[in-house]
Each structure stands twice: as C-alpha cells, then as structure tokens.
Amino acid sequence: MTAKPPPSSKRPAKRVGIGTRPPANPQAEAWIRQGDADAFSKGDVFTARLTLDITPALRSRIKVSAFTQGVTVADLLRALLEREFPEHRRENTP
C-alpha cells in the first residue's frame, strides 16, 4: 500500500519580513566592548596552566583567604607566586 502525497495548498505561503536592526546604544556597546577587552588581555597574559594536588583543608584555607581579601583564588595564588618567584631575582639568573 502506498501513501498519498498531501494535497497541495492553493494559498501562497505567508512571509514575514525581518525588520532593520534597532539603533545601537553607544554606552551599552562601549560596556560590551570593555568586557571583551578585559577577557582578551587576560588570555594574552596568562597562557600556562599549573595543577597542584593539595589537601581539602589547605584548599579551604586558600578559598577563605581569597574571599576575605576580596580577590579570586587564581589572583591570590598568582600574587603569592609572583612574590616568591619575582622575574628579576639573583638566584633565577644564569
């Protein structure tokens, strides 16, 4: 047994036009671009990833310390490592 094709409609398909883009809000556009610039520069600066195995207790202390200082854990650890291993240090130079 074969299926019958659906009857063709004599009515033309209804087309809905897409309107023009609304005018941009310059302050909103600047705010959006500012966020993109911050994310772009952060990716350029921090390109290496470091993984450490630490105890849950140490992780908790680090998180609490970062929270009380109002910074992220990553920023707290970057600053700590930068203080301990500055770029221009005598024992780091050959």
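How each quantity is defined
- Just so you know, the residues in each chain are numbered from 1, in the order the chain's sequence is written.
- Local features in a predicted model are, by the rule used here, given only for residues with pLDDT of at least 70; side-chain atom pairs are given and counted only at 80 or more, and totals for whole chains, interfaces and linings are based on all residues.
- Excluded from the side-chain calculation are hydrogens and water; included are all heavy atoms of the structure.
- Here a salt bridge means any side-chain nitrogen of Lys or Arg lying within 4 Å of a carboxyl oxygen belonging to Asp or Glu.
- Only runs of H or I of at least four residues qualify as helices and only runs of E of at least two qualify as strands under DSSP, and these elements are numbered from the N terminus.
- Exposure categories follow from relative accessible area, calculated using a 1.4 Å probe and restricted to protein chains: below 20% of the type maximum is buried, above 50% is exposed, and the middle band is partly exposed.
- Two distance rules govern patches: like charges are joined within 9 Å, and nonpolar side chains (Val, Leu, Ile, Met, Phe, Trp, Tyr) within 5 Å, applied only to residues with over 30% relative accessible area and no salt bridge.
- Per-residue and other accessible areas were derived by the Shrake-Rupley procedure at a 1.4 Å probe size, with only the shown protein chains allowed to occlude residues.

Draft legend 1. Structural detail: the pattern of salt bridges. Tallying each qualifying case throughout the model produces 1 salt bridge. Between Arg78 and Asp75 there is a salt bridge, and its shortest N-O distance comes to 2.7 Å. Of this pair, Arg78 and Asp75 both sit in helix 3 (residues 73-84), 3 residues apart, roughly one helical turn. Classification of Arg78 as partly exposed rests on a relative accessible area of 30%. With a relative accessible area of 36%, Asp75 lands in the partly exposed category.

Draft legend 2. Here's a closer look at a nonpolar patch on the surface. Residues Leu50, Leu52, Ile54, Val73, Leu77, Leu80, Leu81 and Phe85 make up a contiguous nonpolar surface patch of roughly 730 Å² in combined accessible area. Looking at the element boundaries, Leu52 is found in the loop between helix 1 (26-45) and helix 2 (56-69).

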